[in-house]
Amino acid sequence: MNSQSELIAEDIHAYLKEQEEKSLLRFITCGSVDDGKSTLIGRLLWDSKLIFEDQLAALQADSRRIGTQGDDIDYALLLDGLQAEREQGITIDVAYRFFSTDRRKFIVADTPGHEQYTRNMVTGASTAQVAVILVDARKGVLTQTRRHSYLVSLVGIRHVVLAVNKMDLVDYRQERFEQIRRDYELFAGNLGFDEIVAIPISALKGDNVLKARGNTEWYDGPSLMNYLETVQVEDETRKKPFRFAVQWVNRPNLDFRGFSGTVASGQIAVGDEVAVAASGQTSRVSRIVTMDGDLEQARAGQAVTLCLADEIDISRGDLLARPDEAPHVSDHMEAKLVWLHEQPLRIGAEYLLKSGNRTLPARVRQLRFRVNVNTLDQEEGGALALNEVGVARIELSGALGFDSYRENRATGSFILIDRLTNATVGAGMIHQPLSSTAGDGQPLRLTTTDRAFALGQQPLLMLFPDDRPETAGELAEMTESLLHRQGRHTILFDGHAFLRQSADLLANDVGPDPAALLPLALRPLLQAGLQVLVTGPADSLNRLARQPDILGAQDLAVVESKQLRLQRQDRSATSPLTTTDSGRRARQIVQALRSLFSMV
């Protein structure tokens, strides 16, 4: 280590004060496989003398044992720590490193170059301010270079360094560098970058990494480190409208009620008026409370508790803003989606959308198009596979306050979560709100799925065939009770009573078989999105089970004497009922329903 170690040893308080006053820059390195991303960061740390002695000893030992540079130091081993990364000589997971120079602090994310790890690259880029995009001077701009550049623009990075690496392998030829620079600028012209700075480097030899070297006399620009230390990345969050997502309603006693969270953007002062985005209720800030005492003013990045002058309804996830700078509030939105999971996006399936501290059931109603990130062409498609990007229209179960991602990264982004596995399956950047019409001015035509979505469930028909009304009713009642406790909207339909009364009404008329009227009575209940439990004679209900289409029922559960038979459009299953106790059988039924129907 350099003088920083000496300063730490001599005066730790002076060192901490110096670090506190330095600005922090977050940047990523990305590009195609073997472009030298990990080597570049390792070189930066090495030349900056920011490697501890034990790290240096381990690096030297690893370079001799598994390095790819002969007798020289393999700088990539500083970043590629996973065994699989070292065995394959590639980066798989995002590796973060903190370091500082005399002028600035840095957090760098080394992201993988393989296409299959694009989701890891997006994760690393999501918080970065500058992207260093590497290009192998021998290969020029490749497909993965274009892919990463598009994703960098997608997450809002506006400052890009085009690092043309391995210049030593093309004899430091200026014409080769200029050709790559022109090719890249031609491609990236429509990506919305504020600045593209091209630098010829050799990460392995150190040319133009820390200092300008003599091998590129024709280049008069900054070295990479010089650029990173001086690039002006203005923290615009403080200039944006005030946004405060409530993380916790802080009420330790009857005399205090505050709303804790972090100021996402803008600033707020005691006496300022604020409004709840979803409800529009307003009040004024009476106190700004922190662990170190009250503040007169809070700004972006500060974690505070706001106390308001009025008792208005605010809960976790609500977004506070100034009344004259309100965010969008809607239950429909259009957003760019990056799909992060092996299971492809299913149009119409229900997910959980998490934006800030708010989580809502959500459904992708339409995938407008997919984006070919290699050519930037728009392509039609009904689904998104892993690492694909598309523009989708999303419906929420309730109103959400948000901004467009371009206006505010904190309040314009979200993730989609699989309801069954809790896996994060997608990342989204909001374009714009859509009205609660389909976006084309035409009213929505409500379907069974729409009504069920509003109830937060899927419609389901459960049949309890039993010629003994007393036993079938008991099991159905217990099952309904368990579903009701889980927040499901259910109804218990007594098929025995319905058929008996229908038979009495039709006794003197020549009409249909009473059992034929059963679907007519059940269909409206399913169309309302309810989960319907039906008891009745075995022959009538088994006839229904063989003809679920006449009810419009996609999902069907039949409780037979010894097992539960589950049926849906794409698969079916059976689950044995191993007990005769009605309570335990009911719990087994609900558990089996949840395992097959994720929305149940």
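Residues numbered from 1 in each chain as written. Predicted model: local features only at pLDDT ≥ 70, side-chain atom pairs only at ≥ 80, totals over all residues. Heavy atoms only, no water.

Draft legend 1. Representation of the overall build of the protein within the structure. Of the regular secondary structure elements, the protein holds 15 helices and 28 strands. For the protein, buried positions account for 49% of its 600 residues. (Helix = DSSP H or I, 4+ residues; strand = E, 2+ residues; numbered from the N terminus. Buried < 20%, exposed > 50% of the residue type's maximum accessible area, 1.4 Å probe, protein only.)

Draft legend 2. Seen up close, the nonpolar core. In terms of nonpolar packing, the biggest core is built from 42 residues, with Ile28, Met121, Tyr150, Val152, Ile157 and Tyr184 touching the most fellow members. Per-element accounting of this core gives the leading share, 5 residues, to helix H8 (residues 174–188). Both domains that furnish three or more residues to this core are identified here as domain 1 (3–230) and domain 3 (328–436). Every residue in contact with Val152, bar those within four places of it in the chain, is listed here: Ile28, Cys30, Met121, Ala131, Ile157, Val160 and Phe193. Formed by 25 residues, the second largest nonpolar core is a distinct cluster that contains Leu44, Ala163, Ile201 and Leu224. (Core = buried A, V, L, I, M, F, W, Y, C linked by side-chain atoms within 4.5 Å. Domains from an automatic or database assignment. Contact = heavy atoms within 4.5 Å.)

Draft legend 3. Unusual backbone geometry, seen in detail. Positioned with a positive phi, Asp171 is a non-glycine residue whose angle comes to about 60 degrees. Looking at the element boundaries, Asp171 is found in the loop between strand S5 (159–165) and H8. For Asp171, a relative accessible area of 62% gives the class exposed. Even without being glycine, Asn422 reaches a positive phi, approximately 65 degrees. Along the chain, Asn422 turns up in the loop between strand S21 (413–418) and strand S22 (424–434).

Draft legend 4. Summary view of the environment of Val231. Structurally, the position occupied by Val231 is in the loop between helix H9 (224–230) and strand S7 (243–245). Spatially, the C-alpha atoms of Val231 and Val130 are 8.9 Å apart, while their sequence positions differ by 101 residues. Among all residues touching Val231, those that are not within four sequence positions of it are Leu25, Arg104, Val130, His159 and Glu195.

Draft legend 5. Structural detail: empty space enclosed by the protein. Taken as a whole and assessed by the stated rule, the structure comprises 1 cavity of 30 Å³ or more. Of the volumes computed, that of the largest cavity is approximately 40 Å³. Sorting the residues of the lining of the largest cavity by element identifies strand S1 (24–31) and strand S3 (105–110) as the ones contributing at least two each. Partitioned by chemical class, the residues of the lining of the largest cavity number 7 nonpolar, 2 polar and 1 charged. (1 Å grid on protein atoms, 1.4 Å probe; cavity = no way out; pocket = protein on both sides within 12 Å on 5 of 7 lines; lining within 4 Å. Points joined across faces, edges and corners; volume = space filled by probe spheres on them. Nonpolar A, V, L, I, M, F, W, Y, C, P; charged D, E, K, R; others polar.)

Draft legend 6. Fine view of the pairing of S22. Where strand S16 (residues 328–339) lies against S22, 8 bridges are found, and the strand directions are antiparallel. The residue of S22 that forms the bridge with Met333 is Pro433. The turn linking S21 back onto S22 is made up of 5 residues, and Asn422 within it adopts a positive phi angle of 65 degrees. (Pairing = 2+ DSSP bridges.)

Draft legend 7. Looking closely at the sheet that holds S5. Within the open sheet, the 6 strands sit side by side as S2-S3-S1-S4-S5-S6. Their pairing is mixed. Lying at the two open borders of the sheet, with one neighbouring strand each, are strand S2 (95–100) and strand S6 (195–200). Pairwise comparison of adjacent strand axes, ignoring direction, gives a mean angle of 20 degrees for this sheet. As paired elements, S5 and S6 share 6 bridges and run parallel to each other. By the bridge assignment for S6, Val164 is matched with Pro200. (Axes fitted to C-alpha atoms, helices over the stretch in contact; angles between N-to-C directions.)

Draft legend 8. Broad picture of helix H13 (residues 518–527). Buried within H13 are the following residues: Leu518, Pro519, Leu522, Leu525 and Leu526. The buried side chains of H13 occupy one side of the element, clustering within an arc of 125 degrees when seen end-on. Gly529 sits one or two residues past H13 and shows a positive phi near 90 degrees. (Arc of directions from axis to C-beta.)

Draft legend 9. Region of interest: the packing of aromatic side chains. Inspection of the entire model under this criterion finds 7 aromatic pairs. Here Phe177 and Tyr219 contribute two aromatic rings whose centre-to-centre distance is 6.4 Å and whose plane-to-plane angle is 75 degrees, an arrangement assigned as edge-to-face. Highlighted residues: Phe177 in helix H8 and Tyr219 in the loop between S6 and H9, separated in sequence by 42 residues. Per residue, the accessibility class of Phe177 equals that of Tyr219, and both read buried. For the pair Phe493 and Phe498, a centre-to-centre distance of 5.5 Å together with 50 degrees between the ring planes defines the contact as tilted. Since its relative accessible area comes to 13%, Phe493 is described here as buried. One aromatic cluster is present, built from ring pairs that chain together Phe177, Trp218 and Tyr219. (Phe/Tyr/Trp six-rings, centres within 6.5 Å; stacked < 30°, edge-to-face > 60°.)

Draft legend 10. Structural context of the packing of helix H6 (residues 118–125) against helix H7 (residues 143–154). Here H6 crosses H7 at 40 degrees, and the two axes come no closer than 10 Å. By the angle between their axes, H6 is oblique relative to H7. Considering the relative orientation of H6 and H7, their crossing is right-handed. Counted together, Thr118, Met121 and Val122 of H6 and Gln144, Arg147, His148, Leu151 and Val152 of H7 form the full contact between these two elements. (Parallel < 35°, antiparallel > 145°, perpendicular 65-115°, else oblique. Left-handed = near helix turned anticlockwise from the far one by under 90°.)

Draft legend 11. The environment of Ala392, seen in detail. Looking at the element boundaries, Ala392 is found in strand S20 (residues 389–402). Distance in space between the C-alpha atoms of Ala392 and Phe369 is 7.4 Å, their sequence separation being 23 residues. Excluding its chain neighbours within four sequence positions, the residues that come into contact with Ala392 are Met333, Glu334, Ala335, Leu337, Val364, Gln366, Leu367 and Arg368.

Draft legend 12. Region of the structure containing H7. The first and last C-alpha atoms of H7 sit 17 Å apart over 12 residues, in line with the 16 Å expected at 1.5 Å per residue. Buried residues dominate H7, accounting for 10 of its 12 residues. Along H7, the residues classified as buried are Gln144, Thr145, Arg147, His148, Ser149, Tyr150, Leu151, Val152, Ser153 and Leu154. Where H7 ends, the next residue or the one after it, Gly156, has phi of about 95 degrees, a positive value. (Expected span 1.5 Å × (residues − 1).)

Draft legend 13. The pattern of salt bridges, seen in detail. Tallied over the full model, the rule gives 15 salt bridges. For Arg257, the salt bridge is made with Glu311, and the minimal N-O distance between the two is 3.0 Å. Of this pair, Arg257 sits in strand S9 (residues 256–265) while Glu311 sits in the loop between strand S14 (303–308) and strand S15 (319–321); the two residues are 54 residues apart in sequence, bridging distant segments of the chain. Relative accessible area serves as the criterion here: at 66%, Glu311 is assigned to the exposed category. In this structure, Arg365 and Glu395 form a salt bridge, with 3.0 Å as the shortest nitrogen-oxygen distance. (Salt bridge = Lys/Arg side-chain N within 4 Å of Asp/Glu carboxyl O.)

Draft legend 14. Seen up close, the pairing of S3. Of all the 6 residues making up S3, 5 are buried; the element is thus mostly covered by neighbouring parts of the structure. Pairing of S1 with S3 involves 6 bridges; the strand directions are parallel. When the bridges of S3 are listed, Ile28 appears paired with Ala109. Two strands pair when backbone bridges link them, and S2 and S3 are joined in this way by 6 bridges, in the antiparallel orientation. Note that in S3 the partner of Phe99 across the bridge is Phe106. Where S2 folds back onto S3 in an antiparallel hairpin, the turn is made up of 4 residues.

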